[in-house]
Amino acid sequence: MLHDESLAAVAADLRRGHTDPAAYVETLQGRAGTVDTEIHAFLSESEGPDRWARARERANELAEANSRPATRPPLYGIPVGVKDIFHVDGFETRAGSDLPPDVLSGPQATAVSRLVDAGAIVLGKTVTAEFAYFDPGPTRNPHDTGHTPGGSSSGSAAAVAAGLCPLALGTQTIGSVIRPAAYCGVVGVKPSYGRVPADGVIPAAQSVDTVGYFTQGVAGARIAAGVLYDDWRALPTPPERPTLGVPEGPYLEQADEPGRQAFAAHVDRLSAAGYDVERVSVLDDIAALNERHTDLVAGEMALAHEMWFSEYADRYAASTRDLVERGRETTVRAVARARRSRHDLRDALENRMDDRAVDVWLAPAAPGPAPSGIDDTGDPVMNLPWTHAGLPAVSLPAGKTDEGLPLGVQCVARFGADEDLLSWAEGLAAALSAAP
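Since the model is a prediction, treat every value here as computed from it, not as a measurement. (Residues numbered from 1 in each chain as written. Predicted model: local features only at pLDDT ≥ 70, side-chain atom pairs only at ≥ 80, totals over all residues. Heavy atoms only, no water.)

Participant: Where do I start with the overall build of the chain in this structure?
Facilitator: Secondary structure summary: the chain contains 15 helices and ten strands in total. Referenced to the eigenvectors of the C-alpha coordinate spread, the extents of the chain come out at roughly 55 × 55 × 40 Å. Here the chain, with 436 residues, has 57% of them falling under the buried criterion. For the chain, long-range pairs separated by at least 24 residues make up 80% of all intrachain contacts whose partners lie at least 6 apart in sequence. With an accessible surface of roughly 16700 Å², the chain has 48% of that area assigned to carbon and sulfur atoms. (Helix = DSSP H or I, 4+ residues; strand = E, 2+ residues; numbered from the N terminus. Buried < 20%, exposed > 50% of the residue type's maximum accessible area, 1.4 Å probe, protein only. Contact = heavy atoms within 4.5 Å. Areas by Shrake-Rupley, 256 points an atom, 1.4 Å probe, with all protein chains shown as cover.)

Participant: Explain the sheet that holds strand β5 (residues 210-215) to me, please; I cannot follow it from the model alone.
Facilitator: Within a sheet, each strand pairs with its neighbour through backbone hydrogen bonds, oriented either parallel or antiparallel. Judged by pairing direction, the sheet is mixed, and its ten strands sit side by side in the order β2-β1-β3-β5-β4-β9-β10-β8-β6-β7 without closing on themselves. Among the strands making up the open sheet, the edge pair consists of β2 (121-126) and β7 (277-281). Here the average twist between neighbouring strands, direction ignored, is 30°. Here strand β1 (residues 79-83) pairs with strand β3 (residues 167-172) via three bridges, running parallel. The partner of Val82 across the bridge, within β3, is Leu169. (Pairing = 2+ DSSP bridges. Axes fitted to C-alpha atoms, helices over the stretch in contact; angles between N-to-C directions.)

Participant: It is not clear to me how empty space enclosed by the protein should be interpreted in this structure. Could you clarify?
Facilitator: Tallied over the full model, the rule gives three cavities of 30 Å³ or more. Of the pockets and cavities examined, the largest cavity occupies roughly 90 Å³. Lining the largest cavity are 15 residues; nearest its centre among them are Pro364, Ala365, Ala366, Leu407 and Gly408. Elements with a minimum of two residues in the lining of the largest cavity: α7 (178-184), α9 (257-272) and β10 (406-412). (1 Å grid on protein atoms, 1.4 Å probe; cavity = no way out; pocket = protein on both sides within 12 Å on 5 of 7 lines; lining within 4 Å. Points joined across faces, edges and corners; volume = space filled by probe spheres on them.)

Participant: What is the right way to look at helix α1 (residues 7-16) in this model?
Facilitator: A turn of α-helix holds 3.6 residues, and therefore any two residues three or four places apart point the same way. Three or more residues of α1 are buried, namely Leu7, Val10, Ala11 and Leu14. With its buried residues spanning 100° around the axis, α1 presents them on a single face. Once α1 ends, the next one or two residues include Gly17, with phi positive near 90°. (Arc of directions from axis to C-beta.)

Participant: Hey, could you run me through the packing of aromatic side chains in this one?
Facilitator: Any two aromatic rings considered together are summarised by their centre-to-centre distance and by the angle between their planes. The final tally for this structure, using the stated rule, is seven aromatic pairs. Members of the aromatic cluster, connected to one another through ring pairs, are Phe131, Trp308, Phe309 and Tyr316. Here the basic side chain of Arg241 rests over the ring of Tyr275, its NZ or CZ set 4.4 Å away from the ring centre. (Phe/Tyr/Trp six-rings, centres within 6.5 Å; stacked < 30°, edge-to-face > 60°. Lys NZ or Arg CZ within 6 Å of the ring centre and 35° of its normal.)

Participant: Explanation requested: the pairing of β10 in the structure shown.
Facilitator: A regular strand places its side chains so that they alternate between the two faces of the sheet. With seven of seven residues buried, β10 is to be regarded as a mostly interior element. Neither face of β10 is open: one carries Pro406, Gly408, Gln410 and Val412, the other Leu407, Val409 and Cys411, and all of them are buried. As judged from the four bridges shared by strand β8 (residues 360-364) and β10, these two strands associate in the antiparallel manner. Bridge assignment links Leu362 to a residue of β10, and that residue is Cys411. Judged from the six bridges that link them, strand β9 (residues 393-400) and β10 form a sheet pairing that is antiparallel. Directly across from Lys400, in β10, lies its bridge partner Pro406. The hairpin turn running from β9 into β10, its antiparallel successor, is five residues long, and Gly404 in that turn takes a positive phi close to 90°.

Written out as structure tokens, the structure is:
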């Protein structure tokens, strides 16, 4: 089910003319015919032009309009998957739900427009858990179809891991980019809150909703960042090797035992590669923080869904309905306290970074490998505090279990330091993938 489909390599071949965009679309079509019937990463399309005919037409238009390799845009001819809570011109938005698509429609998301303007081809919508929460779709993990790919950006992570497209969009409100990236063995990027516009995306909790994306490598992730981010800054020189911080205490204890053992081995590997590692006591109030974040997500989800829920409550999945109903009972004071908590936590984490000269926090990207079955997308608890604080995070592949399931390490930097984080990530990824 797996295939090497490096965004950086494919983009270079397309822009140089070594690969024709329409021919590349045909290559992916052949692969999807045997793979996506098993993993179900993309939504089926029953109306309008055939997915592949549409993609080939767009590819031919790009080739005709960009005959000179030197002037081709950065994502020239790159097919992308788009999580089905983004509005895309010419596509329905269903958000993994049973609500009528016409009530969910809206203008195309800025993130999608930026990809299209950079030469990308929207290959299709990818499966999402209902309204980007916990009720899963049919997507399976390409490493082992008996396991979840994670969620809620299930289809996007699985599509990239399976080589069905080199780039896919997702979103994160708790752990919906970083966790599925780890489960599927790909790179997942969760930017600093607000650095990629989230308009045109069906909201979950707007105070923390963040547009993110998936690639198979860090070099490709940096190419995509230059297109998606507001005010992306190309660094004139690579930053010095970072000092790594391990957040010891109750937060880390939330991982399961195999997950903690694997993480300890990952930290040892980075230390052996020459990285300085500081072990820092932090996030001692993680249980209270988890509760505050849940209050925030529930309260803001209820606000975002007020009109839809009042008419279509019976069409919501049980887990989503329970969250909205909890949000309706969450007090304004509790939501306000949770919103203030975001900035308080950010300040506290960055103060600890100052105290110990830490540049990057390291943590497991998930409590352990992907759980078996597809009825549960896994626990986002390892991602929650970093999302709450709005800090940039990247999940890097870090080997596999004896059963062949991927493991991931989550790397988190200061707010707004996305450029540094993705520069550092190349060295970290290389060290994590080196043979022990």
